[in-house]
Amino acid sequence: PAPFTLPLRVAAATNRVVAPTPGPETPAERRADGLALALEPALESAAGAANFLAMVDNLQGDSGRGYYLEMLIGTPPQKLQILVDTGSSNFAVAGAPHSYIDTYFDTERSSTYRSKGFDVTVKYTQGSWTGFVGEDLVTIPKGFNSSFLVNIATIFESENFFLPGIKWNGILGLAYATLAKPSSSLETFFDSLVTQANIPNVFSMQMCGAGLPVAGSGTNGGSLVLGGIEPSLYKGDIWYTPIKEEWYYQIEILKLEIGGQSLNLDCREYNADKAIVDSGTTLLRLPQKVFDAVVEAVARASLLYIQPMMGAGLNYECYRFGISPSTNALVIGATVMEGFYVIFDRARKRVGFAASPCAEIAGAAVSEISGPFSTEDIASNCVPAQSLSEPILWIVSYALMSVCGAILLVLIVLLLLPFRCQRRPRDPEVVNDESSLVRHRWK
């Protein structure tokens, strides 16, 4: 993938599980000119109920149709395949038959399901769904030896959400509660898991879709490690970059190069209006101005940025351009994430990247991490001033609606007042000229 420059610091490779814990920065870790380099000691895992080795290869799928995890939901357990999405925060499963899925969660068959009595609608860049909100027991067979009580939405209506060819029938949103619908007060799946399983507030992903699909099946698989980092899933060092805001996994992009040449754009263009890491997005999505510059640079350098496509025809090898324009964000999607082992360290507000052993073609790595780089030519702050976050926008919207409602009520009272005056007994000393009352009312 086209190389990014991010404000990074590196952690040493380790031969045991790393479980990052929150704590103050040491002087050696402090960021200098947007970049720092520091070694970190390995820490023992606190994940008593989690077996990280059992989580290796617990994902199926590929970047084109998503990576999904097997879950058992309800009592008795019903098996479903759940799409892993770091760009949303709701946990939802199909709750009714659909032509594009092979199974769904039947709440009436579960003795432990409890409805919460309200609906929720979630909209994505592509597609949307509406479901009933409830709670039930969930088991993750590969990695945990117990069940957890979590909030779950059962989808009864959707549009462009379930698509032809998919092999999953639900979605697991792993972003922050800020993005949860209908409000951030609805506890997310991962927050529930951290509390009930007593695991560190960190998870990591390896998606093995880089290069040609294994045996032409279009299913490459990967690993979702809930509660820490599994050393066998990466090589070399882990490089971390700070999370700028806890809603999406928003990071800061300093520079983007094509063929070794910088695009020479103001770094704020890369972060307009945010830059996020999102496993639920297939492509690398770039703001329109950045996308145009990339296309021009690719053409000028005679480079191709392509992905193999399966199923287009028996006699063809088809590829697609792995980058698309975006109107509202730079999104590091599966196209880029497949080259790395990605750590979402929520405890220390950072995202880590390490070289992935499965990101190879004919023994050659498709991605690499290097640095540190000088940031002398980079603006001091590449992240534009944040617009109002969604919860604040909702508060402002409700306040404006209340004001409008009050004004409307006053107008209705004013319109009805003349008629009430007409019904009163006539008083010869009172002026009952309606037009006069109106004129006085508006003076």
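What you see is a predicted model, and the numbers here were worked out from it, not measured in a lab.

What counts and how
Residues numbered from 1 in each chain as written. Predicted model: local features only at pLDDT ≥ 70, side-chain atom pairs only at ≥ 80, totals over all residues. Heavy atoms only, no water. Core = buried A, V, L, I, M, F, W, Y, C linked by side-chain atoms within 4.5 Å. Buried < 20%, exposed > 50% of the residue type's maximum accessible area, 1.4 Å probe, protein only. Contact = heavy atoms within 4.5 Å. UniProt positions renumbered as here; feature names shortened; annotations may be inferred. Helix = DSSP H or I, 4+ residues; strand = E, 2+ residues; numbered from the N terminus. Polar contact = N/O pair within 3.5 Å; in protein donor to acceptor, adjacent residues only side chain to side chain. Salt bridge = Lys/Arg side-chain N within 4 Å of Asp/Glu carboxyl O. Phe/Tyr/Trp six-rings, centres within 6.5 Å; stacked < 30°, edge-to-face > 60°. Lys NZ or Arg CZ within 6 Å of the ring centre and 35° of its normal. Disulfide = S-S within 2.5 Å.

**Quick look at the nonpolar core**
Here is step 1 of the chain: By size, the foremost hydrophobic cluster in this structure holds 80 residues, and its most contacted members are Met71, Phe91 and Phe144.
Here is step 2 of the chain: Sequence-distant contacts of Met71, defined by excluding residues within four places in its chain, comprise Gln78, Lys79, Leu80, Ile82, Phe91, Val138, Thr139, Ile140, Pro141, Leu172 and Phe189.
Here is step 3 of the chain: Grouped together as the second largest cluster of nonpolar side chains are 17 residues, Leu83, Val120, Phe161 and Phe162 included.

**Comments concerning the UniProt feature "active site" (unreviewed entry) in the protein**
Here is step 1 of the chain: Per the UniProt annotation, the sites labelled "active site" (unreviewed entry) are Asp85 and Asp278. Taking the farthest pair of C-alpha atoms as the criterion, the annotated set spanning 194 residues converges on one region, since that pair is 6.7 Å apart.
Here is step 2 of the chain: Assignment of secondary structure puts Asp85 in strand 5 (residues 78-85).
Here is step 3 of the chain: Every residue in contact with Asp85, bar those within four places of it in the chain, is listed here: Tyr124, Ile171, Leu172, Gly173, Leu174, Ala175, Asp278, Ser279 and Gly280.
Here is step 4 of the chain: Of the polar contacts made by the side chain of Asp85, one reaches the side chain of Ser88; its length is 2.6 Å.
Here is step 5 of the chain: Relative to the helices and strands, Asp278 is located in the loop between strand 18 (275-277) and strand 19 (284-287).

**Quick notes on the pattern of salt bridges**
Here is step 1 of the chain: Overall, the coordinates contain 10 salt bridges when judged by the stated rule.
Here is step 2 of the chain: One salt bridge in this structure joins Asp191 and Arg346, with 2.9 Å as the shortest N-O distance. Of this pair, Asp191 sits in helix 2 (residues 189-197) while Arg346 sits in the loop between strand 24 (340-345) and strand 25 (350-355); the two residues are 155 residues apart in sequence, bridging distant segments of the chain.
Here is step 3 of the chain: For Arg346, a relative accessible area of 4% translates into the label buried.

**A word on the packing of aromatic side chains**
Working definition: an aromatic ring pair is given by the centre-to-centre distance plus the angle between the planes.
Here is step 1 of the chain: Counted according to the given criterion, the structure contains 16 aromatic pairs.
Here is step 2 of the chain: Taken together, the ring pairs in this structure connect Tyr176, Phe190, Phe203, Tyr249 and Phe344 into an aromatic cluster.
Here is step 3 of the chain: Here the guanidinium or amino end of Arg346 rests over the ring plane of Tyr176, the centre of that ring lying 4.7 Å away.
Here is step 4 of the chain: Note that Arg350 overlies the ring of Tyr240, its terminal NZ or CZ placed 3.6 Å from the centroid.

**Details of helix 2**
Here is step 1 of the chain: The complete set of buried residues in helix 2 reads Phe189, Phe190, Ser192, Leu193, Val194 and Ala197.
Here is step 2 of the chain: Asn198 sits one or two positions beyond helix 2 and adopts a positive phi of about 55°.

**Quick look at the state of the cysteines**
Here is step 1 of the chain: Evaluated as defined, the whole model comprises 2 disulfides.
Here is step 2 of the chain: Covalent S-S linkage joins Cys208 and Cys358, the inter-sulfur distance amounting to 2.1 Å. Taking the torsion about the S-S bond as the criterion, the Cys208 to Cys358 disulfide, at about -90°, is left-handed. Here Cys208 is found in the loop between strand 11 (202-207) and strand 12 (222-226), whereas its partner Cys358 is found in the loop between strand 25 and strand 26 (360-361), with 150 residues between them in sequence.
Here is step 3 of the chain: The class of Cys208 is buried, set by a relative accessible area of 11%.
Here is step 4 of the chain: Here Cys358 falls in the partly exposed class, since its relative accessible area comes to 24%.
Here is step 5 of the chain: Between the sulfur atoms of Cys267 and its disulfide partner Cys382 the distance amounts to 2.0 Å. With the S-S bond torsion at -90°, the cross-link from Cys267 to Cys382 turns out left-handed. Pair noted here: Cys267 is in helix 3 (residues 267-270) and Cys382 is in the loop between strand 27 (364-365) and helix 6 (390-423), with a separation of 115 residues, a long-range link. By the burial criterion, Cys267 is buried, and Cys382 matches it.
Here is step 6 of the chain: Of note for the protein: the bonded cysteines, numbered N- to C-terminal, pair according to 1-3, 2-4.

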